[in-house]
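Remarks on the overall topology
So the chains spell out like this:
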4 protein chains.
Amino acid sequence: MTDRAAVKAALKTQAVETPSWAYGNSGTRFKVFTQAGVPRDPWEKLQDAAKVHEFTGVAPTVALHIPWDRVDGHDGYAELAKYAEERGLRLGAINANTFQDDDYRLGSICHPDAAVRRKALDHLLECVDIMDATGSRDLKLWFADGTNYPGQDDIRERQDRLAEGLAEVYGRLGEGQRMLLEYKLFEPAFYTTDVPDWGTAYAHCLKLGPKARVVVDTGHHAPGTNIEFIVATLLREGRLGGFDFNSRFYADDDLMVGAADPFQLFRIMCEVVHGGGFTSEVAFMLDQCHNIEAKIPAIIRSVMNVQEATAKALSVDREALAEAQVCGDVLGANGVLMDAYGTDVRPVLREVREEMGLDPEPLAAYARSGWGRRIVAERVGGRQAGWGA
Amino acid sequence: MTDRAAVKAALKTQAVETPSWAYGNSGTRFKVFTQAGVPRDPWEKLQDAAKVHEFTGVAPTVALHIPWDRVDGHDGYAELAKYAEERGLRLGAINANTFQDDDYRLGSICHPDAAVRRKALDHLLECVDIMDATGSRDLKLWFADGTNYPGQDDIRERQDRLAEGLAEVYGRLGEGQRMLLEYKLFEPAFYTTDVPDWGTAYAHCLKLGPKARVVVDTGHHAPGTNIEFIVATLLREGRLGGFDFNSRFYADDDLMVGAADPFQLFRIMCEVVHGGGFTSEVAFMLDQCHNIEAKIPAIIRSVMNVQEATAKALSVDREALAEAQVCGDVLGANGVLMDAYGTDVRPVLREVREEMGLDPEPLAAYARSGWGRRIVAERVGGRQAGWGA
Amino acid sequence: MTDRAAVKAALKTQAVETPSWAYGNSGTRFKVFTQAGVPRDPWEKLQDAAKVHEFTGVAPTVALHIPWDRVDGHDGYAELAKYAEERGLRLGAINANTFQDDDYRLGSICHPDAAVRRKALDHLLECVDIMDATGSRDLKLWFADGTNYPGQDDIRERQDRLAEGLAEVYGRLGEGQRMLLEYKLFEPAFYTTDVPDWGTAYAHCLKLGPKARVVVDTGHHAPGTNIEFIVATLLREGRLGGFDFNSRFYADDDLMVGAADPFQLFRIMCEVVHGGGFTSEVAFMLDQCHNIEAKIPAIIRSVMNVQEATAKALSVDREALAEAQVCGDVLGANGVLMDAYGTDVRPVLREVREEMGLDPEPLAAYARSGWGRRIVAERVGGRQAGWGA
Amino acid sequence: MTDRAAVKAALKTQAVETPSWAYGNSGTRFKVFTQAGVPRDPWEKLQDAAKVHEFTGVAPTVALHIPWDRVDGHDGYAELAKYAEERGLRLGAINANTFQDDDYRLGSICHPDAAVRRKALDHLLECVDIMDATGSRDLKLWFADGTNYPGQDDIRERQDRLAEGLAEVYGRLGEGQRMLLEYKLFEPAFYTTDVPDWGTAYAHCLKLGPKARVVVDTGHHAPGTNIEFIVATLLREGRLGGFDFNSRFYADDDLMVGAADPFQLFRIMCEVVHGGGFTSEVAFMLDQCHNIEAKIPAIIRSVMNVQEATAKALSVDREALAEAQVCGDVLGANGVLMDAYGTDVRPVLREVREEMGLDPEPLAAYARSGWGRRIVAERVGGRQAGWGA
């Protein structure tokens, strides 16, 4: 698609979901640095998310994390959804949390003790209840389950427990609801992880049924893993549910997407576009930590990074590429791709924003808006939101 | 199984397949060092393999590699099989080679050009013909296919071509024959590899049918990959076809199995034993390079390393382990496993060998046999076997 | 040294330092699980450390971490030292902490702001004061300093600041005091780390002078790094100050030493023994997290793992090894090493313990002692110690 | 340097050295694919190198590899130098080869056998003789030395032999000649490598003297290594001798520089420019394999990739960057860097070329030149050059 108008039209349809927890404090095991103005509750997180959408135009949904965003009862969630709507937002994926209770020391739905598994499952079912209330489509499941030491638990039995638990939750999903199963190489488990790779997630999804899809978190792979290959494969199999975007130099660094390897992000988006994944069937979500940088600007920047990678991917001259590929013209084909990557797409994105009635420079516009200073001034007292809070 | 008699009985049933190519020269891209006495044809490779079996008692089969071990016609292979049989051996897996013709510069059954794909497929079908002649059960497929540069070829279309090619070969398999599909992270392709991980191999096997199984080459993973988890998972799915054993510190180093991380080999064998994989359904094959060390002793040593890991895995006190696991006794469970690992199993293996009528020290016995000196003296002239020869 | 008596004599001289923080709670960024009976202050940590020494006989010193183990004034530290001594212990390395204040968001002695650097330096100087009070020989410095994003700060200027800061602290060291400089590939910094590898630590130590030495934390390397090579090199250069022992499958997992790759630990100890490093000049310290397992038994186990690796390293038949090496007998030389590794050294260690007047089975003896139950009963109320507390 | 004229002036001074061996065939251990038109001797390699310089204007020197480029006697090299000069080229670094004789199976200057070490040293001294004849400044040393198995040889003694050998060669260097010492994580050695990291190379260079410098091959690091940090550090220490440019996704893939991670190449060039390394003191060399792609266009492309990264690095707004850094403005500082990276520098490079009297599109111009067809037609018969030939 080298037709500028078509590229721009596609870019206007883009939707990047931001995660409520990225607006709060986060950190490493060594230290969580606090920042002034950080939200103290889900409502304030939505306020910030609304700002990101206001200045980018392509961040219309917000993922919730339960219990971090728990509010009272069905009505509470309905009210939260309404609060979002009033700010031009919708509530997105519901993220379950089965890793922050002392009970989960040895796992959640893979735990050797049936009582702990039950507790975890009840929480997952509660999350589907919340989806009913919020109108969310996707239940996003990431399990911290695993073991730290060889022998600690039975790898295979843990898979049996996992399969059993997932089946129960899957059975609870309503019409139009989906289960997105995330995999991760390691951390917090340091020897085995119960869903360590896309193959494991895929195998479980296959058995569960068509509502189960795999989520690719770009930071959750072993060094050297070719992520775009996985994306292409999952799209080919009809099992790509979405992305958790972030970036990494080392492990699951959770840096801003596009910060560590923008060429990789471009290649991923190329497979998305080429494989028919640039639709609402695939959820494009951020899942990042902003440990030392200002949070709202970092999220705006991340959304823009996704936009730039998408714009470049949309600009690949697919005909020229296919022609070079079929001829076995290695350098020519690579050259076509690199031409798109080497292009400065910031001008076209500025046009897109202007045509959407937005400021062409979201970060500068946000800075001018005074929102950052206002929340520092207003959000005083109370307990700052953060991982686990 | 902490009953010494039972452990010994199990060890006597072990069978490790050695690869014909390990008896010939191999090397790195920088240099292939030649060794005196190296076989010059398949017959001499079988002579050497017979020695390995003679001194270990647990290496009864030899994998062939076509065309490196090509002989004339159906009769040639039957004769080769008879030659093996006369030396107490059987012919094992047939390994196809679709990477050493100039035609395969851009791939084989995934190549963009249908003519090259056809050539590769014809070779694979020839391999099944050879299986008919040799009585081999397993067709082992490793594809060097992939790309070196982003954009070079279409990831997804290559998967389509792969699926189509595999289906044709699968359809040709006879009763009792199997297809073992190997995956590899990278090399010789340096950007994408068409079967890069167990998930991809598994997905293709699923579609092909029950005769298709995944082969785990212990050197073909990204850094940090938990191989025993993959083994446990494939056994749980009924899709583990076998192993290509070797070891690595870095990439696909192809060192002697057990040389780099004997604890990992033990953990793998623990999953094999525990998951019901210690049967003839799973092929235990070596796939190694002996670039700088003497080849026959290195293969004997490798077989012994597999035996030691197996003996330890068989010796795990499974009841104590299960009890500790179910109680969540992390250190206790790990301790049970480590107890088995820390045990010196060389005495029990010496007993096993003596009870099998063998010398308890295979390497010393081989050295005393004079075979090494004899082949140096006799195998003069001709062209030494080696990768590609 | 294959003389059993000599091996045992050497093993009796072994000293493994345990870290005060390992007795407290630790965790990942996702969750710190609390354990009953965990110490609430430095005094209780010393009580636990005394138990480890009581049952192993080879853990006579305890590393402190400031401010986590801060007590009041010079007298407080002297009193702490006396408290240790009464329990058969000495205070070991003083570990500085320049990463848990909000001021350190962008670094400590490499921070762009001179005021923050001054604060960090003052803390380091305070640590030397504490060494004077405790009689500690070693100041151990690990800096969390680094950056998360390309461009965030000037790599080279940060090195200048680092050099300047280290020089000031080095100048403050008294007679017989040493600075141990630790390196780490990454975490908590995710783009650059200011002391990321042994080369950087070594280069700074060279400029500082003979009291500056490099500490090798076994978990702080990129995948595939050959740690024993670094150990051999630092010993050859006279710059190995000590070890922070732990183990890892992935990143800096901080599992029990010897748990992930006992063969690697053996190879490291082989270089230590062979390179003349098995003396008090090299500090053998544990630096681990016990996130899910019982802490005191985990530390006892870790000490035992170091003992086992040492016993095996001491048992290598050095003459046979040298002979095989000089002949270029690859398999023979490897075989000599593997013979020592394959040997079950638990019997000789049981003997060593009995000759030292200890129970031959430290873990069982500790379990029988009732200490674990006693601290659960007694250490009620107050705030449990842990990272950052 | 955001002044366009200054950027262009700097770009015109750029010099990228191409390696004679990149013009010949290369491959992996699995297969060397041959290409029509490949040079058959050093003279034809220089013809091709001249084409690269003709169309890029910034590739004025060619590295030789001995013995691959061996010609007869001192006069032969002088003639080769003259042949180069007539084509607008100069001969660059002399690369020694101590890895392709059977004698080098266990190493070269680190070999346990003094006779092999002597042979290797004599070759290195011959290389200095050749430098005298060619007028080359740099002796580039990469040693394949190492071991494949634990215990195989003594790590420390190998360092002693290395130090001794290097000292002899260093002593032979004439006025204005330098020794560039390369490090590599692994391959072809798979357990230890005798110069595995920059720290080891640096330590040796320090002891040798000021003419000894470290070469950074961008493909020779463990996964996750921050190469630009090493570059900044070596520049700070005055020990950066040069680069071997190439790129990698996995191990030492030796792909075209800039193909795998162009952002990393940019960051490296940023440190070069900022650290005062953009001078003739630092040798910018390509060291790549073109296994499947056309060789001359691939080299032209590689030179262009280095140019683009350099142009972006030169365009960083250093004042704005420093200001953001000193304020601790994480996002701002990162943004300044990303602005330069996001800029399309192809237009400015087209201008540079036009001002240098070149075609603005080197690849298209080369294609039009007919050189590729001509060499295919003319270079018939004889033995194609390649690794080892």
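Everything in this summary refers to the structure shown in the same document. Please read all numbers here as calculations on a predicted model, not as lab measurements. (Residues numbered from 1 in each chain as written. Chains lettered and ligands numbered in written order. Predicted model: local features only at pLDDT ≥ 70, side-chain atom pairs only at ≥ 80, totals over all residues. Heavy atoms only, no water.)

What follows is about the sheet that holds strand β9 (residues 240-245) of chain A. Residue and element names in this part refer to chain A. Read from one edge of the open sheet, eight strands run β1-β2-β3-β4-β6-β8-β9-β10, paired in parallel fashion. Bordering the open sheet on either side are β1 (18-19) and β10 (283-286), each of which pairs with just one other strand. Relative to strand β3 (residues 90-95), strand β2 (residues 61-65) runs parallel, the two sharing four bridges. Along β3, the bridge assignment pairs H65 with N95. (Pairing = 2+ DSSP bridges. Helix = DSSP H or I, 4+ residues; strand = E, 2+ residues; numbered from the N terminus.)

As a further point, take the interface of chain A and chain D. Listed by partner, the interface residues are 30 residues for chain A and 30 residues for chain D. Across the chain A to chain D interface the summed buried area is about 2200 Å²; carbon plus sulfur atoms make up 58%. Where chain A meets chain D, there are two salt bridges. Across the pair A:R346 and D:D339 runs a salt bridge, and its minimum N-O distance is 2.9 Å. For the pair chain A and chain D, the interface holds five residue pairs in polar contact (both at pLDDT 80 or more). Broken down by secondary-structure element, the contributors of at least two residues to the side of chain A that touches chain D are α8 (262-274), α9 (295-314) and α11 (330-342) of chain A. (Contact = heavy atoms within 4.5 Å. Buried area = accessible area lost by both parts, 1.4 Å probe. Salt bridge = Lys/Arg side-chain N within 4 Å of Asp/Glu carboxyl O. Polar contact = N/O pair within 3.5 Å; in protein donor to acceptor, adjacent residues only side chain to side chain.)

With that out of the way, let us pick up helix α12 (residues 346-355) of chain A. Listing the buried residues of α12(A) in full gives A:R346, A:V348, A:L349, A:V352 and A:R353. Relative to the axis of α12(A), the buried residues are bounded by an arc of 160 degrees and lie together on one face. Elements that come into contact with the buried residues of α12(A) comprise α1 (4-12), α9 and α13 (362-369) of chain A together with α11 (330-342) of chain D. Backbone geometry just downstream of α12(A) places A:G357 in the positive-phi region, at approximately 80 degrees. (Buried < 20%, exposed > 50% of the residue type's maximum accessible area, 1.4 Å probe, protein only. Arc of directions from axis to C-beta.)

Turning next to the relation of the copies chain A and chain D. After a rotation of 180 degrees and a shift along the axis of 0.0 Å, chain A superposes on chain D with an RMSD of 0.0 Å. The transformation just described matches what one would write down for a two-fold rotation axis. Taking the C-alpha atom as reference, chain A places A:D344 closest to the rotation axis, 2.6 Å from it. Mapped onto chain D, 100% of the interface residues of chain A are again interface residues, and the two copies thus contact each other with one and the same surface. (Least-squares fit on C-alpha atoms with pLDDT ≥ 70 in both.)

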